[in-house]
Amino acid sequence: MTVRAEQLPVQVRGCRSRSGPLTYGQAYIWNSIRSQALEDQHNFHMNIALPPHSTPADVRHALSVLLSAHESLRATLRPEPSGPPSQVVAGDGELPLTVVESDHPGPAALAELRELVTGQGFDHYREWPIRVGVLCSGRRAHWLVLMLSHLASDASGARILRRHLLSVLDGAPDADGIDLSCRQPLEQAAHERSPDGARGARRALDYWRHQLQEVPVFDRPAVEPGQPRFWQGLLESPGLGRAAPALAERAGISTYSVLTAAVALVLGRLAGRDRYCLAVMCSNRHTPTLRDSVMNLPQRVPLTVDLTGSFTDIARRAHTAALNGYRFGMYDPAAARALISSVGEQRGGVLDFATTFNALKPLWRDEEQAGRPPASASSFHWIRKTATDIERLRFADYFAPDRIALYADTSYYPLTEIESCLRDVERTVVQAEVA
């Protein structure tokens, strides 16, 4: 039972106040948000169990430390006369902390707090891209609910924030080994516009141009769409969860590469091709200057997979292609979109380059899934239906590797095909593991 709910300020004072352009990563995700009203898909939500000794005052202090350390959490957007907006980092300000006091701080009260914190999208022009709430009982703070805009961070950055928060609450002097000198967004934006950054972006677009030569014009016939148009199905597969890591260990590659190969093989067969080009997400955190940055950094990179030979051969080629592609993960997203459009126009249509495979590791599964009995058989169910999206086809590896999802435009991919594609990925990996 909730006793009371109130908002208390988390104050930030004396930090740097500055402004400048968006980074490539911010511009990439901003295009998704503003063009298709997809913000609900680009926000991160975490329920964080707090150390037993935590008080509401401790939580406010820890949040103030985080806000001071990570400028992406204090950034709002400013419209510009032409082109994308710029960002303004506040040096001072307050973040409201929603405090729910309950004499039963269990799942029901936590769900109530989460609804209060995550009830509506961000106003990026007026609101900092973070919302927080704490569930308390007496002087004890039990749970923190945190909502982040994808403009501020990505999944890796969200985990860094969680580590930083818990280290402050535990009194750790070194922020749990987090390098707080890593680049902030405006420093990253300046690097991208420097001679070195510009050369890297040009090389990335050269790589894109080469990969797009493998992509044919989209020629799938339109069908009667579902209502609403875009559906996402999720396959929970214990067999996939066992087989993919086993195959990866045997082949000396990553589990992600095994799943990438399976997705490419299933879609390639569906399209009647022996080579298939899809996009994967590059974290862009492979340099010391960005390793512990909280800002949103990932961008997608194209890779072409040769689908001939054994599945192990295909998976190893997918792994090599991904490692090569990750060298070209930073580029102007508007220039990449223009390049895709230009190549399509030269070919007389729209390129069939609308498949992205993205590994989404859990942000809170260790806590919320605790005590859940393991599934004994695979099961399929729908997890999202919406009228708007930006890609015709998107695979996502949720909670790698035992939950895999497919988001599809039912104007071209019938509802039955969504489940069958997921089942084919499962079957491909499981059969390859026992072969």
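A quick note: this is a predicted structure, and the numbers were derived from the prediction, not measured. (Residues numbered from 1 in each chain as written. Predicted model: local features only at pLDDT ≥ 70, side-chain atom pairs only at ≥ 80, totals over all residues. Heavy atoms only, no water.)

(A) Representation of the overall build of the protein chain in the model. When helices and strands are counted, the protein chain shows 12 helices and 15 strands. Radius of gyration (C-alpha) of the protein chain: 22 Å, near the 22 Å computed for a compact globule of 435 residues. The buried share of the protein chain, reckoned over its 435 residues, is 53%. Considering only residue pairs separated by 6 or more positions, the protein chain has 80% of its internal contacts joining residues 24 or more positions apart. Of the accessible surface of the protein chain, which amounts to about 18800 Å², a share of 52% is contributed by carbon and sulfur atoms. Charge centroids of the protein chain, computed over 47 positive and 48 negative side chains, lie 3 Å from each other. (Helix = DSSP H or I, 4+ residues; strand = E, 2+ residues; numbered from the N terminus. Rg over C-alpha atoms; globule rule 2.2 N^0.38 Å. Buried < 20%, exposed > 50% of the residue type's maximum accessible area, 1.4 Å probe, protein only. Contact = heavy atoms within 4.5 Å. Areas by Shrake-Rupley, 256 points an atom, 1.4 Å probe, with all protein chains shown as cover. Lys, Arg positive; Asp, Glu negative; His and termini not counted. Charge placed at Lys NZ, Arg CZ, Asp CG, Glu CD.)

(B) Region of interest: the pattern of salt bridges. Per the stated rule, a full pass over the model turns up 23 salt bridges. A salt bridge links Arg285 to Asp154; its shortest N-O distance comes to 2.8 Å. With Arg285 in the loop between strand S10 (275–282) and strand S11 (299–306) and Asp154 in the loop between strand S8 (140–149) and helix H4 (155–169), this pair connects stretches of sequence that are 131 residues apart. Under the relative-accessibility criterion, Arg285 is labelled buried at 11%. A salt bridge links Glu192 to Arg193; its shortest N-O distance comes to 3.7 Å. Exposure remark for Glu192: the relative accessible area of 4% places this residue in the buried category. Through salt bridges that share partners, Arg16, Arg18, Glu71 and Glu187 make up one connected network. (Salt bridge = Lys/Arg side-chain N within 4 Å of Asp/Glu carboxyl O.)

(C) Highlighting the pairing of strand S5 (residues 86–89). Here strand S2 (residues 18–21) runs beside S5; their pairing, made up of 4 bridges, is antiparallel. Paired with Pro21 across the two strands is Ser86, which belongs to S5. The sheet contact formed by strand S4 (residues 75–78) and S5 spans 4 bridges and is antiparallel. By the bridge assignment, Ala75 is partnered in S5 with Val89. (Pairing = 2+ DSSP bridges.)

(D) Structural context of the packing of helix H6 (residues 195–212) against helix H10 (residues 333–347). One way to put it is that H6 packs onto H10 with a least axis distance of 11 Å and a crossing angle of 30 degrees. Relative to H10, H6 is oriented roughly parallel. Considering how the two elements wind past one another, H6 and H10 form a crossing that is right-handed. Contacts between H6 and H10 involve Leu205, Trp208, Arg209 and Leu212 from the former and Ala335, Ala336, Leu339, Ile340, Val343 and Arg347 from the latter. Of the residues belonging to the contact of H6 with H10, the class tally is 8 nonpolar, no polar and 2 charged. (Axes fitted to C-alpha atoms, helices over the stretch in contact; angles between N-to-C directions. Parallel < 35°, antiparallel > 145°, perpendicular 65-115°, else oblique. Left-handed = near helix turned anticlockwise from the far one by under 90°. Nonpolar A, V, L, I, M, F, W, Y, C, P; charged D, E, K, R; others polar.)

(E) Spatial organisation of the nonpolar core. Counting residues in each nonpolar core, the largest one holds 64 residues, and the members touching the most others are Leu212, Phe311, Phe353, Phe357, Phe395, Ile404 and Val429. Take this core: its biggest share by element is 10 residues, from helix H8 (residues 255–271). Core analysis: the next-biggest nonpolar cluster, separate from the first, contains 35 residues, Leu66, Leu95, Ile130 and Ile178 among them. (Core = buried A, V, L, I, M, F, W, Y, C linked by side-chain atoms within 4.5 Å.)

(F) Summary view of the packing of helix H7 (residues 238–251) against helix H9 (residues 311–325). Direction vectors running N to C along H7 and H9 enclose 80 degrees, while the axes themselves pass 11 Å from each other. It follows that H7 is roughly perpendicular to H9 by the angle criterion. Residues Leu247, Arg250 and Ala251 of H7 pack against Phe311, Thr312 and Arg316 of H9. Of the residues in the contact of H7 with H9, the class split is 3 nonpolar, 1 polar and 2 charged.

(G) Structural context of the pairing of strand S3 (residues 43–49). Among the 7 residues in S3, 6 count as buried, and that is most of the element. Looking at chain direction, S3 and S8 are connected through 7 bridges and run antiparallel. What sits directly across from Met46, in S8, is Leu146.

(H) How the structure looks around the environment of Thr388. Topologically, Thr388 is positioned in the loop between strand S13 (379–386) and strand S14 (393–398). Residue classification places Thr388 among the partly exposed positions, given a relative accessible area of 27%. Each C-alpha atom, one on Thr388 and one on Arg229, is 7.4 Å from the other, the two residues being 159 residues apart in sequence.

(I) Structural view of the side chain of Ser237. The topology assignment puts Ser237 in the loop between strand S9 (230–236) and H7. The class for Ser237 is buried, based on a relative accessible area of 1%.

(J) Spotlight on H6. In a regular helix each residue adds 1.5 Å, so 18 residues correspond to 26 Å; H6 covers 26 Å between its end C-alpha atoms and thus fits that length. Within the span of H6, buried status applies to Gly197, Ala201, Ala204, Leu205, Tyr207, Trp208, Gln211 and Leu212. The arc enclosing the buried residues of H6, seen along the axis, measures out at 155 degrees, which places them on a common side. Turned more than 90 degrees away from the buried face of H6 sit Pro195 and His210, all of them exposed. (Expected span 1.5 Å × (residues − 1). Arc of directions from axis to C-beta.)

(K) Focus on the confidence of the model for the protein chain. Taken residue by residue, the protein chain gives an average pLDDT of 91. The fraction at 70 or more is 93%. Here residues 364–371 is a poorly scored stretch, pLDDT under 50, and it has 16 contacts once near neighbours within four places are set aside; other chains count. (pLDDT = per-residue confidence, 0-100.)

(L) Focus on the state of the cysteines. Using the criterion set out here, one finds 0 disulfides in the structure. Cysteine Cys421 remains unbridged, with the sulfur of Cys277 as its closest cysteine sulfur at 17 Å. A relative accessible area of 4% places Cys421 in the buried class. (Disulfide = S-S within 2.5 Å.)

(M) Main features of the side chain of Asn47. With respect to the helices, strands and loops of the structure, Asn47 is situated in strand S3. Take Asn47: its relative accessible area is 3%, and that puts it in the buried class. In this structure the side chain of Asn47 is engaged in a polar contact, spanning 3.3 Å, whose partner is the side chain of Arg114. (Polar contact = N/O pair within 3.5 Å; in protein donor to acceptor, adjacent residues only side chain to side chain.)

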